[in-house]
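Per-entry structural report
Each chain is listed here by its residues.
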Amino acid sequence: AVFKDHGLSVDLVSTSETNVTVTLDPQANSLDESVLQALVSDLSGLCKVRLIGPCASLSLLGRNIRAIIHQLGEAFELFEEQKIYLVSQAANDLNFTFVIDEAQGDRLVSQLHDLLIRATAADPVMGPTWEQLYAPRPVESGEEPWWRRRREELLSAFGKRDAAYVYDLATVEQHARAIGSMKSLSRALYAIKANSHPGVLRRVAAAGLSFECVSRQEVERVRESVPGLDPDRILFTPNFAPRSEYEWALAEGVRLTVDNLYILRAWPEMFRGRDLFVRIDTGQGHGHHQHVRTAGAHSKFGVPLFEAGELAAAADAAGARIVGLHAHTGSGHFDVPSWVETAKALAGVAAGLPSVDTLDLGGGLGVPDRPGRAPLDLAALDRALAAFREQHPRFQLWLEPGRFVVAAGGVLLARVTQLKGKGAFRYLGLATGMNSLIRPALYGAYHEIVNLTRLDEPAEHVFTVVGPICESGDVLGHDRLLPPSREGDVLLVANAGAYGSVMSSHYNLRPPAGEITL
């Protein structure tokens, strides 16, 4: 009745024993400040009122949607990181609607389209997307990637190979310097697990970045590739590693991170008189896939926040001094406030650890996975972290990106081996697959794929791009619009500079792609 008295039409309603949540659509109502305040005033005579906004409502539409809930798991996973204010299932069984923060709406719609709407060549309704057919090419929009400019040089370097990773070291250095120039940071470290090629490591070091390593072998690779590197520029962050690795790191003078209380309690004599970093689980994971979310109870990493008091006691008992706190919540996200929230969580733990002077916020900086996607706003992140430092001058701030530094600088080239049709489906086979690049199979990751041999020819056919590995999951890209392609053509898989060669294998005894630097 109160809503009616104010001439407001309620859109969605959710009720429970303790509250009623409704949404007001601004396209159907006049929602200026005075109207909302009058509404809140009248409702306050009946209940406690909280106004939430701006919000977006996002609906999954489908016929008999209750019957296909079991098929929507991947779609629902996309909402895992969102604050959901309301969920509504239509009585006519045609939709689920989620009410979320307005800023997340467009991104989630795009991700849901990619997940749920698949093109098939012979479908008269769902053909190629508008973006595939008509969106400006990167060269036309002023966002030409390096591999387009250097096409001839790439093909020449590739020669007669069947498959190879190619790294443009100038692009790697450009991204490293972008991170290193952030004024809010006291130190930027490159997470070498993303790409440990010696040429890449040397360029990253030349750009002024330090290094974050997760194994003894990674530490040794850095020291071999960058002779004379100060041990202070290496942060060693092992996880469930044998005791011998910790002993070795301390003997070598490498800065060490411990990941749990067991280490301090079981091996206290090792850490007496030592300065340590401790990895904290902030409880909130981020990232594009569950396998890259590295915080929360389902993740193996870090000391949980509820053990912070025990951490201080364990360090004191071991005679160790905790000088830094480290956290990494996940990879591939673009949400600037998430790093500030991580900093606040670490600062809260540091309140009980007076010797802490450094907060390492981890990495995970998102990389646009396809043309037209907006990059992470580094300037906004720099401003947000600078504001945090003004409020907490006690702390230095560190970041440790990996993929952000090297992804765009690397491509995977592979030669077309066969083409095959199965009814409406076309398959394009390459000389290498998940043995060289496992990210699509492991994470569902998207990589742009182009025919480098026929780069300027019109794309007319939809292909599923596959490799030669005897696994159904050996797919590098679904439903890709490409020119008519032939055996021997060279296809390029973009944004492959990170977690490509370092995760490759000899599965099926097929050698993975080698590496070339430009």
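Below: a short report on this structure. (Residues numbered from 1 in each chain as written. Predicted model: local features only at pLDDT ≥ 70, side-chain atom pairs only at ≥ 80, totals over all residues. Heavy atoms only, no water.)

1. Focus: the overall build of the protein
- In terms of regular secondary structure, the protein is built from 19 helices and 22 strands.
- What you see for the protein is a C-alpha radius of gyration of 26 Å, in line with the 24 Å of a compact globule of 518 residues.
- Out of the 518 residues belonging to the protein, those deemed buried represent 48%.
- When contacts within the protein are restricted to residue pairs at least 6 apart in sequence, long-range pairs at least 24 apart make up 70% of them.
- Carbon together with sulfur atoms contributes 50% to the accessible area of the protein, which is approximately 25,200 Å² in total.
- In the protein, the 50 positive side-chain charges and the 61 negative ones have mean positions that sit 5 Å from each other. (Helix = DSSP H or I, 4+ residues; strand = E, 2+ residues; numbered from the N terminus. Rg over C-alpha atoms; globule rule 2.2 N^0.38 Å. Buried < 20%, exposed > 50% of the residue type's maximum accessible area, 1.4 Å probe, protein only. Contact = heavy atoms within 4.5 Å. Areas by Shrake-Rupley, 256 points an atom, 1.4 Å probe, with all protein chains shown as cover. Lys, Arg positive; Asp, Glu negative; His and termini not counted. Charge placed at Lys NZ, Arg CZ, Asp CG, Glu CD.)

2. Observations regarding unusual backbone geometry
- Residues glycine 53 and proline 54 are joined by a peptide bond in cis, for which omega reads 0 degrees.
- With respect to the secondary-structure elements, proline 54 resides in the loop between helix 2 (33–43) and strand 3 (55–61).
- Phi angles above zero are rare outside glycine, and asparagine 495 is one such case at about 50 degrees.
- The phi torsion at tyrosine 499 lies on the positive side, around 55 degrees, for a residue other than glycine.
- For tyrosine 499, the position within the fold is in the loop between strand 21 (490–493) and strand 22 (514–517).
- Owing to a relative accessible area of 16%, tyrosine 499 belongs among the buried residues under this scheme.

3. Comments concerning the state of the cysteines
- Counted under the stated rule, the structure contains zero disulfides.
- Note on cysteine 47: no disulfide assigned, nearest cysteine sulfur contributed by cysteine 55 at a separation of 17 Å. (Disulfide = S-S within 2.5 Å.)

4. Looking at a nonpolar patch on the surface
- Residues Val10, Val13 and Val20 make up a contiguous nonpolar surface patch of about 240 Å² in total accessible area.
- With respect to the element layout, valine 13 can be found in strand 1 (residues 10–15). (Patch = residues over 30% accessible without salt bridge, like charges linked within 9 Å, V, L, I, M, F, W, Y side chains within 5 Å. Salt bridge = Lys/Arg side-chain N within 4 Å of Asp/Glu carboxyl O.)

5. Examining the sheet that holds strand 3
- Read from one edge to the other, the open sheet built from three strands follows the order 3-5-4, with strand pairing classed as antiparallel. The open sheet has two edge strands, strand 3 and strand 4 (86–89), and neither has a second partner. Here the strands of the sheet are splayed against their neighbours by 20 degrees on average, with no regard to which way each runs.
- As paired strands, strand 4 and strand 5 (residues 95–101) are joined by four bridges and run antiparallel to one another. Its bridge partner being in strand 5, valine 87 is matched across the sheet by phenylalanine 98.
- Against the sheet, helix 4 (residues 105–116) contacts strand 3 and strand 5, and its axis sits at roughly 15 degrees relative to strand 3. (Pairing = 2+ DSSP bridges. Axes fitted to C-alpha atoms, helices over the stretch in contact; angles between N-to-C directions.)

6. Thoughts on helix 4
- For helix 4, with 12 residues, the first-to-last C-alpha span of 16 Å sits near the 16 Å given by 1.5 Å per residue.
- Elements in contact with the buried residues of helix 4: strand 3, helix 3 (73–77) and strand 5. (Expected span 1.5 Å × (residues − 1).)

7. Overview of the packing of helix 16 (residues 336–350) against helix 17 (residues 378–391)
- One way to put it is that helix 16 packs onto helix 17 with a least axis distance of 9 Å and a crossing angle of 25 degrees. Classified by the angle between their axes, helix 16 and helix 17 sit roughly parallel to one another. When the axes of helix 16 and helix 17 are compared, the crossing they make is right-handed. Side by side, helix 16 and helix 17 meet where Val336, Trp339, Val340, Ala343, Lys344 and Ala347 of the first sit next to Ala380, Leu381, Ala384, Leu385 and Phe388 of the second. (Parallel < 35°, antiparallel > 145°, perpendicular 65-115°, else oblique. Left-handed = near helix turned anticlockwise from the far one by under 90°.)

8. Let's talk about the pattern of salt bridges
- A full pass over the atoms with the stated rule returns 17 salt bridges.
- Between arginine 177 and glutamate 173 there is a salt bridge, with the nearest N and O atoms lying 2.8 Å from each other. In this pair, arginine 177 and glutamate 173 both sit in helix 9 (residues 169–180), four residues apart, roughly one turn of the helix.
- Given the relative accessible area of 41%, arginine 177 is considered partly exposed.
- Overall, glutamate 173 belongs to the buried group, its relative accessible area being 18%.
- The closest approach of N and O atoms between arginine 243 and glutamate 247, which form a salt bridge, is 3.1 Å. One end of the pair, arginine 243, and the other, glutamate 247, are both in helix 12 (residues 243–252), four residues apart, so they sit about a helical turn from each other.
- Its relative accessible area of 29% is what places arginine 243 among the partly exposed residues.
- One network of salt bridges, in which partners are shared, links Arg150, Glu153 and Asp168.

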